[in-house]
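Structural overview for review
Each chain is listed here by its residues.
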Amino acid sequence: TSVQCDWCVAFPWFGMDIGGTLVKLVYFEPKDITAEEEQEEVENLKSIRRYLTSNIAYGTTGIRDVHLELQDLTLCGRKGNLHFIRFPTHDLPVFLQMGRNKHFSSLHTTLCATGGGAYKFENDFRTMADLQLHKLDELDCLVRGVLYIDSVMSSGPSECYYFENPTDPDHCVQKPYLLENPYPLLLVNIGSGVSILAVYSENNYKRVTGTSLGGGTFLGLCCLLTGCSTFEEALEMASEGESTRVDKLVRDIYGGDYERFGLPGWAVASSFGNMMSKEKRESVSKEDLARATLVTITNNIGSITRMCALNENIERVVFVGNFLRVNTLSMKLLAYAMDYWSKGQLKALFLRHEGYFGAVGALLELLHPS
Amino acid sequence: MAFNGHQHDNEIVDEDETPSKLPRCNKEMHGHLRNDPQNEAAAPAGPSTSDRWASNATPRHRKDSVKKTRPPFPWFGMDIGGTLVKLVYFEPKDITAEEEQEEVENLKSIRRYLTSNIAYGTTGIRDVHLELQDLTLCGRKGNLHFIRFPTHDLPVFLQMGRNKHFSSLHTTLCATGGGAYKFENDFRTMADLQLHKLDELDCLVRGVLYIDSVMSSGPSECYYFENPTDPDHCVQKPYLLENPYPLLLVNIGSGVSILAVYSENNYKRVTGTSLGGGTFLGLCCLLTGCSTFEEALEMASEGESTRVDKLVRDIYGGDYERFGLPGWAVASSFGNMMSKEKRESVSKEDLARATLVTITNNIGSITRMCALNENIERVVFVGNFLRVNTLSMKLLAYAMDYWSKGQLKALFLRHEGYFGAVGALLELLHPS
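Residues numbered from 1 in each chain as written. Chains lettered and ligands numbered in written order. Predicted model: local features only at pLDDT ≥ 70, side-chain atom pairs only at ≥ 80, totals over all residues. Heavy atoms only, no water.

With that out of the way, let us pick up the overall build of chain A. Looking only at helices and strands, chain A features 13 helices and 17 strands. Put simply, of all contacts in chain A between residues at least 6 apart along the chain, 67% involve residues at least 24 apart. Accessible surface, chain A as shown: approximately 15,500 Å² in total, 48% of it carbon and sulfur. Counting 34 positive and 45 negative side-chain charges, chain A places the centres of these two groups 4 Å from one another. (Helix = DSSP H or I, 4+ residues; strand = E, 2+ residues; numbered from the N terminus. Contact = heavy atoms within 4.5 Å. Areas by Shrake-Rupley, 256 points an atom, 1.4 Å probe, with all protein chains shown as cover. Lys, Arg positive; Asp, Glu negative; His and termini not counted. Charge placed at Lys NZ, Arg CZ, Asp CG, Glu CD.)

Right under this line is the structure:
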């Protein structure tokens, strides 16, 4: 699946995606280093490799998602492991300081970076770590990364999966999905904000639309409403709450279904609509509020996605982005919504490497410049 | 039987007449607005039109078929929504001495109570600025009043109806909105009233088209914002909504419904969103401690949402040129609020503003997609979320214009949230 290169890009091989909330880093660890190569290897390169591969946490906020590691991957004629690392964009200065300390710039490698931060922090990379970024568009990288990972995973454990029986909590299971002949595809990237792309072929995609009500909205509102401070805390609270106390449902307004237009009584008519009543405000818990925030943001994304799928005449929708990381609740909600409101026409698909595709795409640009 | 506005009780209905959806009384005359400075010089219609109407409008003994089916007074239209009850009441002004004498006491009392007050109980309000005067409906001339109160206070209203023996008037009470279904039993048990239930979107469409038609030569019901992108030069301008079809109608109440209207009797509900006026108010109450819509708007008008939201420039350091996203565009609503430092630096007013901007822009975005899909260029926004909410209206006007590169036009109607109730009244007078 990887193209044999005529020339070798110097190690280390990184791909970086500097997003609104998180920095995603993919690092290729070569496992086929010969004795000769090892001897000639400069000290700081060896040090970087050791540091990254012998830790699963870096500083106070950096994390290596070991369960996502791709082993025995062949890239550009080299065999090795692909590692997936993330840390808050807020801590980029710490990362830059580290790069400076390890004299990363002396390795004279190109650092391929995408995401808004590649533009915003370009100067900081230069001044703080003497590094020149090769800036890449985030959606180009996203599409490229998705298609690549899907192709290399086609014979291993499934990268792509869906939820069977999304409407039945007791029988709702994750099932692998073979994403061959993926085109056309609707790709929904849920990060701090949301971008929705229609992908027609490897080199042909368009950004259909986006919405500013994304993962950042969920986390921001949760922090304000519940006093939590991390994504994981917010999800934890949401899993214990009941959104129907917070939302005004169709049945709260109609006393039942709104049959004429096919709106069942349990559908939400007005998100947070019950919260205009002081009495109800005092009766809901922080967990209920977290749940309602998650449901509101997720369903809004689902609704907008459905409209796009309809307009673009595309039946398969792939959801990616770190909003879905460890967020089975939202994934099941999306699976359910796509299925229910489209009467089974649309299928919601998910990918294991969720928010890392932009970084993968950046790495690919380093190895196979387009 | 006591006279209550129903003419010629014993007249036999002409069976050759076929009911139609259009106002059978094609003598509906446009009215004019009370205290509207624009209207000082305006005459209701051309004199020729008045004459034409007048020649047929002999007070008591007209022979047109209209009168056979005219329902007894009082004439109400009611829309019981998720948050507010909207009530329209027709006050006849052409009551003859004879009619007055025969009028039952409680009917008179109801009329006096409604028209001599502008506030009812603690939460009922009559929107006097929206009153339509000298309106001709079903051959009767009078004023149309617009009243609202929280759905939460419906029991108080029912009690009043009971006290005034409303049920003894044997009138049909045409009601729409979810509450017409939810509270049907309460009307019966608490006030002995039988509701004639109507679909809220049917009534909405009917009400919009009717008000638009009667206002067509008076002060404009329909308006838009010129220069929405320029705060110093952004002005409200009247808009003539003739040949209105096709039209995208966006009703922003507690929740949102988006309709594509192709002709008078042909519309479809395209989609909806649960992030509506109720979300704005609910979130504001939670985030700022306010308790009313007006308070929330007041706070929003004083806040700065860009401190709360994460903008494109916060992520890119400038524009995201490749896909035409300017630096000032919101990338992630409330996105800055994941930072403790920023949470502590924003005010309640900023939070209220961000809530308003987020909800409004989301509606705008979804609307734009619908307009694109349905291939419709004119969008009319109604519903009580826009009541006294110029901020949202300008935002919508701006968003429609900017993101569609001038293709879409955002239009607004003065009677905002009352169209469902108007449609219900019309169903009473001209059953479809």
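Now that the structure has been shown, we can carry on.
Residue and element names in this part refer to chain A. Between its terminal C-alpha atoms helix α2 (residues 43-54) stretches 16 Å, which fits the 16 Å expected from twelve residues at 1.5 Å a residue. Looking only at α2, the buried set comprises N44, L45, K46, I48, R49 and L52. At its buried positions, α2 is contacted by β1 (13-18), β2 (22-30), α1 (35-40), β3 (57-58), β4 (62-64) and β6 (78-88). (Expected span 1.5 Å × (residues − 1). Buried < 20%, exposed > 50% of the residue type's maximum accessible area, 1.4 Å probe, protein only.)

So, on to the sheet that holds strand β11 (residues 185-190) of chain A. All names here are of chain A. Across the sheet, which stays open at both edges, the seven strands sit in the order β10-β9-β17-β16-β11-β12-β13 with mixed pairing between neighbours. Edge positions in the sheet fall to β10 (173-176) and β13 (204-211), since each has one partner strand and no second. Here the average twist between neighbouring strands, direction ignored, is 30 degrees. As defined by bridge partners, β11 adjoins strand β16 (residues 316-320) across four bridges and the pair is classed as parallel. Note that in β16 the partner of N189 across the bridge is V320. Its contacts with the sheet place helix α12 (residues 328-341) against β9 (160-164), β11, β16 and β17 (347-351), and it is angled at close to 155 degrees to β17. (Pairing = 2+ DSSP bridges. Axes fitted to C-alpha atoms, helices over the stretch in contact; angles between N-to-C directions.)

Turning our eyes to something else, we now look at the interface of chain B and chain A. Taken together, the contacts link 58 residues of chain B with 58 residues of chain A. Roughly 4,500 Å² is buried in total at the junction of chain B and chain A, and carbon and sulfur atoms are behind 61% of that figure. Its largest share of buried area at the contact with chain A, chain B owes to B:L286, B:Y316 and B:M338, together 14% of the area lost on that side. In this structure, the connection of chain B to chain A is made through four salt bridges. Among the ionic pairs, B:R322 bridges to A:D137, the shortest N-O distance being 3.3 Å. (Buried area = accessible area lost by both parts, 1.4 Å probe. Salt bridge = Lys/Arg side-chain N within 4 Å of Asp/Glu carboxyl O.)

In this section: the domain arrangement of chain B. Residue and element names in this part refer to chain B. In terms of domains, chain B is made up of domain 1 (70-213 + 420-429), domain 2 (222-304 + 347-413) and domain 3 (309-345). One C-alpha centre belongs to domain 1, the other to domain 2, and the line joining them spans 27 Å. Listed by partner, the interface residues are 13 residues for domain 1 and 15 residues for domain 2. Of the roughly 1,200 Å² buried between domain 1 and domain 2, counting both surfaces, carbon and sulfur atoms make up 66%. In terms of surface lost to domain 2, no three residues of domain 1 exceed L201, V205 and L209, which account for 39% of the buried area on that side. Where domain 1 meets domain 2, there are zero salt bridges. (Domains from an automatic or database assignment.)

Attention shifts here to the nonpolar core. With 82 residues, the main nonpolar core has A:F319, A:F350, B:F381 and B:F412 as its most contacted residues. The contacts of A:F319, once residues within four sequence positions are left out, are A:V188, A:I190, A:I301, A:T305, A:L324, A:L334, A:M338, A:A348, A:L349, A:F350 and A:L351. Ranked by size, the runner-up nonpolar core spans 77 residues in total, among them A:F11, A:F28, A:Y356 and A:V360. (Core = buried A, V, L, I, M, F, W, Y, C linked by side-chain atoms within 4.5 Å.)

All names here are of chain B. It is at 9 Å that the axes of helix α4 (residues 154-163) and helix α6 (residues 184-191) come closest, and there the two elements cross at 40 degrees. By the angle between their axes, α4 is oblique relative to α6. Pair α4 / α6 crosses with right-handed handedness. Contact with α4, carried on its side by L154, P155, F157, L158 and R162, involves D186, F187, T189, M190 and A191 of α6 and no other residues of that element. (Parallel < 35°, antiparallel > 145°, perpendicular 65-115°, else oblique. Left-handed = near helix turned anticlockwise from the far one by under 90°.)

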